[in-house]
There are 6 protein chains.
Amino acid sequence: MSEFTHFDAEGNAVMVDVSEKETTERIAVAKGSVVMQPETLELIAEGSVKKGDVLTVAQLAGIMGAKRTADLIPLCHPLMLTSVKLELSLDTARSAVDVTARCKVSGQTGVEMEALTAVSVACLTVYDMCKAVDRGMRITEVRLLHKSGGKSGIYEGI
Amino acid sequence: MSEFTHFDAEGNAVMVDVSEKETTERIAVAKGSVVMQPETLELIAEGSVKKGDVLTVAQLAGIMGAKRTADLIPLCHPLMLTSVKLELSLDTARSAVDVTARCKVSGQTGVEMEALTAVSVACLTVYDMCKAVDRGMRITEVRLLHKSGGKSGIYEGI
Amino acid sequence: MSEFTHFDAEGNAVMVDVSEKETTERIAVAKGSVVMQPETLELIAEGSVKKGDVLTVAQLAGIMGAKRTADLIPLCHPLMLTSVKLELSLDTARSAVDVTARCKVSGQTGVEMEALTAVSVACLTVYDMCKAVDRGMRITEVRLLHKSGGKSGIYEGI
Amino acid sequence: MSEFTHFDAEGNAVMVDVSEKETTERIAVAKGSVVMQPETLELIAEGSVKKGDVLTVAQLAGIMGAKRTADLIPLCHPLMLTSVKLELSLDTARSAVDVTARCKVSGQTGVEMEALTAVSVACLTVYDMCKAVDRGMRITEVRLLHKSGGKSGIYEGI
Amino acid sequence: MSEFTHFDAEGNAVMVDVSEKETTERIAVAKGSVVMQPETLELIAEGSVKKGDVLTVAQLAGIMGAKRTADLIPLCHPLMLTSVKLELSLDTARSAVDVTARCKVSGQTGVEMEALTAVSVACLTVYDMCKAVDRGMRITEVRLLHKSGGKSGIYEGI
Amino acid sequence: MSEFTHFDAEGNAVMVDVSEKETTERIAVAKGSVVMQPETLELIAEGSVKKGDVLTVAQLAGIMGAKRTADLIPLCHPLMLTSVKLELSLDTARSAVDVTARCKVSGQTGVEMEALTAVSVACLTVYDMCKAVDRGMRITEVRLLHKSGGKSGIYEGI
């Protein structure tokens, strides 16, 4: 197993030098869920047929959150996302809102943190909008599903 | 079960009017984990005895993230946090980094979103710093542990 | 007519000292419009019955924009909004989207800039989302409709 | 008339994928006005011969506002402006401050939103600085005057 | 000599809990200088009689910078400044631009970091605007001149 | 001596048009110090062997500050840093914390402001963390040490 790249030889945190990396199209897909009471999920489902529902607000928050990644994560590089797409869906069996984010950039570093941040912010927004009726919700299984475009090759998660 | 408060009668998203709420001291505690390969956890543990380790960076990111909550979550009120504290610890049995955030404010609205955002940003930062050695990490069980100070009384989660 | 308050005796721009002002509940309402081709308005109207329409995105952008006012307007005071509400409606006669924003704070300075910024950001977002079909849209008549709570009394615009 | 590009087939808002677009030099010019009482315009005119006048503050606010566009407009792409220029002038006949912004980028997407945001923020700043003497000012006719560099060709507004 | 307050007993960085502190009017004054070539100072002096000079831009940047303090300094509390004032003057004897910032708040924690940040950002802006003609400028002697309003009493620096 | 580039012929502040400049790898190194009481330096030195010490917090603040440069300095271009590295060391002879920042970009404009901003924010953070024990600290000698990559050639400071 290799070493952490975010520290130099003396143990100082650094924003890794990516200037020698190739500029390629990089894609990352992340996923996560908010698990909740069935009654809460039902309220969201009812709202989804109306204007201004929970899922729309969370989706926009996720897109905007992706753009704030370098502000939030100390050692992330600023980068110019060329595409951000979020999908939110309801899984009644697991009583969960599932969030998938897909980010793309043409750059020297990957966009997995942007995709994971988009998912996290969308999940937090679902929590915010439903917390008045359900404080026990959990944001869970936020993970990387796919990554391509860097020299480490393609990664597929589950 | 009550209704969502973040929509008005026509279904428009609103930043809820809290001007009639009492100004009280409000506290929220949130918790979450990053589950990873045992080898990754070991690398973090080794780093923790040196300057600039993963946990310190994540802890600071969480504190700063708490201050960005109203920028990230569309319908959150801006507020003046009087205290933010994060604790990160390693659980080798579950091969996880556990993050706990505690936020305090004297205000008209609660700080659960600030605590949950702090936990999420700290977890994302752990992911960012370890992703070169472990892409399969999962941010999981981000939830509210405690809330007090509002008219809805004390909430204790698990 | 009185003098500008944003300059001191030497002509330097200053963030006006409001520390002697009374803390009162202050409300401001602002309004503005995006005038467009009738065909564009029709496309918005059609979208309004679906999830994720133009008006919902613009409304959220306006709420979030209100919270960024002190970041954007150099001499504005930071303040803790207790309520932000935006309403967007379509006026087919004038072929316009009308935006109304209402902001509230308990503080030492008014919220008219927050209301005007919310309207402007919502209007810009309408432009952004429709610009692929109509580049000639105009943001127009952004103005203050109502202001109350300060020592200057109630203002009613038209 | 074509369709909105900011929604996918299911009606979800997306940050449009521009990764296949050509990188070209893109320019946009936007214009807008703040209409006010003649006495207010006169006060601005008097200040313009002194240090720290209204127009200088508004001009800087506009330049800085252009850089915040992707933070404010939910579906805007982040981009690296290579030039921002604002001009403010007084039109006594219409009793108006006129603001023109010109933005340039070498990128895969246009800069009309940056130019329109720069104009809007400069106009809001004029309002802020003069509101103590004139609450009835109106921000009006914010529109695109010129756009070039994309595959849709040159646009000239009025 | 007392201990650092920004670490807890285990050495974790914390945003200090100020919830038990008294709400009082707190004032801080900071000062700093940019030392440069006499020719550079002369160019600034010439510009000062025209619109849009170096000092005006730096002054506004300092005011806006004060408002960003809690975003920049990890353990600073967000607070609502009630007044920010910057003065810039030229000292030909020392070939320096001197910057003084005065901040005020009614709150539970002091504003010395806001005043120091305002001075630093104004000095950096002077550097930015003059760097094409003088790369050897130095930002120097940024320090606290005055602090009052907290339980530690009045501090006067030199 | 040449003219300021940040003003146009009419004296308006502008974000300089860099669209004709070559895209090259540009590097800048800046340095600065916080001078303090010997007892304060000793406290920092003791903390440096523990987790979460002053230097680590300041170093991270500096890296994050570099990314906020275009938000803070009015006429700075936004750019995509490919590397940021900060080193902090203690000089007991001068009773000072020395901060060195090195920034890199592949772009059309230099990164000296990013390096100088990183140093300033790190120095301000040192001040913030030690101010409870030493209010008389001074941030001093913030300057450019090295710049390369632009058409003006290599600059070496002292």
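Residues numbered from 1 in each chain as written. Chains lettered and ligands numbered in written order. Predicted model: local features only at pLDDT ≥ 70, side-chain atom pairs only at ≥ 80, totals over all residues. Heavy atoms only, no water.

(A) Region of interest: the UniProt feature "active site" (unreviewed entry) in chain A. Cross-referencing UniProt, the feature "active site" (unreviewed entry) maps to Asp128(A) in the present numbering. Structurally, Asp128(A) is set in helix H4 (residues 112–130). Taking relative accessible area as the criterion, Asp128(A) reaches 2% and is therefore assigned buried. Non-local contacts of Asp128(A), meaning those with residues more than four positions away in its chain, are made with His6(B), Ile73(B), Leu75(B), Cys76(B) and Met113(B). (UniProt positions renumbered as here; feature names shortened; annotations may be inferred. Helix = DSSP H or I, 4+ residues; strand = E, 2+ residues; numbered from the N terminus. Buried < 20%, exposed > 50% of the residue type's maximum accessible area, 1.4 Å probe, protein only. Contact = heavy atoms within 4.5 Å.)

(B) The UniProt feature "binding site: substrate" (unreviewed entry) in chain A, seen in detail. Residues and elements named next belong to chain A. Mapped onto this structure's residue numbering, the UniProt feature "binding site: substrate" (unreviewed entry) falls at Leu 75, Cys 76, His 77, Met 113 and Glu 114. In sequence the annotated residues extend across 40 residues, while in space they remain close, none of their C-alpha pairs exceeding 12.6 Å. With respect to the secondary-structure elements, Cys 76 resides in the loop between helix H3 (69–72) and strand S2 (81–91). Look at Cys 76 and you get buried, because its relative accessible area is 6%.

(C) View of the environment of Val16(E). Mapped onto the elements of the fold, Val16(E) is located in the segment before strand S1 (24–35). Sequence spacing of Val16(E) and Tyr155(E) is 139 residues, and the spatial spacing of their C-alpha atoms is 21 Å. Setting aside residues up to four positions removed in sequence, Val16(E) forms contacts with Thr82(B), Ser83(B), Thr5(E), His6(E) and His77(E).

(D) Quick peek at the interface of chain C and chain D. Across the boundary between the two partners, chain C contributes 58 residues, which contact 56 residues of chain D. Summed over both partners, the interface of chain C with chain D buries about 5,200 Å², with 64% contributed by carbon and sulfur atoms. There are three salt bridges connecting chain C and chain D. For Arg138(D), the salt bridge identified is with Glu141(C), shortest N-O distance 2.4 Å. (Buried area = accessible area lost by both parts, 1.4 Å probe. Salt bridge = Lys/Arg side-chain N within 4 Å of Asp/Glu carboxyl O.)

(E) Spotlight on the relation of the copies chain A and chain B. Once chain A has been moved 0.0 Å along the axis and rotated by 180 degrees, it coincides with chain B to within an RMSD of 0.0 Å. Overall, the copies show the geometry of a two-fold rotation axis. Closest to the rotation axis within chain A is the C-alpha of Thr140(A), separated from it by 2.0 Å. Most of the interface of chain A is mirrored in chain B, where 100% of its interface residues again form contacts. (Least-squares fit on C-alpha atoms with pLDDT ≥ 70 in both.)

(F) Molecular detail of the environment of Ile27(B). All names here are of chain B. Inspection of the secondary structure puts Ile 27 in strand S1 (residues 24–35). Note on Ile 27: relative accessible area 15%, which makes it buried. Measuring from C-alpha to C-alpha, the distance between Ile 27 and Thr 100 comes to 13 Å, with 73 residues separating the pair along the chain. Dropping the residues within four chain positions of it, Ile 27 is found in contact with Arg 102, Cys 103, Lys 104, Val 111, His 146, Lys 147 and Ser 148.

(G) Spotlight on the pairing of strand S3 (residues 96–107) of chain D. Residues and elements named next belong to chain D. The element S3 is extensively covered by neighbouring structure, given that nine of its twelve residues are classed as buried. Sheet topology note: the strand S1 (residues 24–35)/S3 ladder contains twelve bridges and is antiparallel. Each residue of the ladder has a partner; that of Ala 28, found in S3, is Cys 103. Bridge analysis of strand S2 (residues 81–91) against S3 gives ten bridges, and the strand direction is antiparallel. Each residue of the ladder has a partner; that of Lys 85, found in S3, is Arg 102. (Pairing = 2+ DSSP bridges.)

(H) The arrangement of the pattern of salt bridges in detail. This model, assessed by the stated rule, comprises 60 salt bridges over all chains. For Lys85(D), the salt bridge identified is with Asp8(F), shortest N-O distance 3.3 Å. Residue Lys85(D) is found in strand S2, and its partner Asp8(F) is found in the segment before strand S1 (24–35); the two belong to separate chains. Residue classification places Asp8(F) among the buried residues on the basis of a relative accessible area of 14%. Across the salt bridge formed by Lys147(F) and Glu112(F), the nearest N and O atoms sit 3.3 Å from each other. One end of the pair, Lys147(F), is in strand S4 (residues 138–148); the other, Glu112(F), is in helix H4 (residues 112–130), with 35 residues separating them in the sequence. By the burial criterion, Lys147(F) is buried, and Glu112(F) matches it.

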